[in-house]
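Commentary on secondary and tertiary structure
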Amino acid sequence: MHKLKIFDLQEAYILTKTGSKGSKSYQVMIVTPFGDFALLSHISYQEDEEVVLKINNFINFRQVSLLVQQNQQNYLFFSSLFTLFVMAMPTAVNYAAYFATSPATTCTFY
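Heads up: these notes are all about the structure in this document.

This part covers the sheet that holds strand β3 (residues 35-41). The sheet built from three strands is open, its strands ordered β1-β2-β3 with antiparallel pairing. Of all the strands in the sheet, the pair left with one neighbour each is β1 (11-18) and β3. On average, each strand axis in the sheet is inclined to that of its neighbour by 35°, with strand direction left out of account. Pairing between strand β2 (residues 24-32) and β3: five bridges, direction antiparallel. Along β3, the bridge assignment pairs I30 with F37. Relative to the sheet, helix α1 (residues 45-60) contacts β1, β2 and β3, its axis offset from that of β1 by approximately 155°.

Within the secondary structure, T32 sits in strand β2. A polar side-chain atom of T32 sits 3.0 Å from the main-chain amide nitrogen of F34. Of note is the side chain of T32, whose polar atom sits 2.8 Å from the backbone oxygen of G35. In contact with T32, other than residues within four places in its own chain, are I6, F7, D8, L9, Q10 and F37.

Criteria and cut-off values
- Each chain has its residues counted from 1, running along the sequence as written.
- At least 70 in pLDDT is required for a residue's local features to be given in this predicted model, at least 80 for side-chain atom pairs to be given and counted, and no such filter applies to totals for whole chains, interfaces and linings, which use all residues.
- Hydrogens and water molecules were not included; the side-chain quantities draw on all heavy atoms of the structure.
- Two strands are counted as paired when DSSP detects at least two bridges linking them.
- Starting at the N terminus, helices and strands are each numbered in turn, a helix being any DSSP run of H or I of at least four residues and a strand any DSSP run of E of at least two.
- Every angle, taken between N-to-C directions, lies between 0 and 180 degrees, and every axis is a line fitted to C-alpha atoms, over only the stretch in contact when it is a helix.
- We call two residues contacting when some pair of their heavy atoms lies within 4.5 Å.
- Counted as a polar contact is a pair of N or O atoms within 3.5 Å, where, for protein atoms, one must be capable of donating a hydrogen and the other of accepting one, and residues adjacent in sequence contribute only when both atoms are in side chains.

Shown next, in the form of structure tokens:
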């Protein structure tokens, strides 16, 4: 688990990335005077929108603290289903490993 201290939050926004075939992915970006920091990618736009709203409310309304959590379990679920059909041989152990090792972000802001 990595701990990163981010000082002087200014805003959060959603960065939209467009792939070569027109597919879109979204990522929450946190802006500070020291640079922009990215949270997890491959999270749904709606979930990213909720995170951005929470962070910007924390900043604008000078809240005492905020806990934000993200994980890629939904993304990994669909990619593992794809693997199931393509490879036709993942075991329950392989499937469980996707979820046990899924990337997660937990941010606590003060």
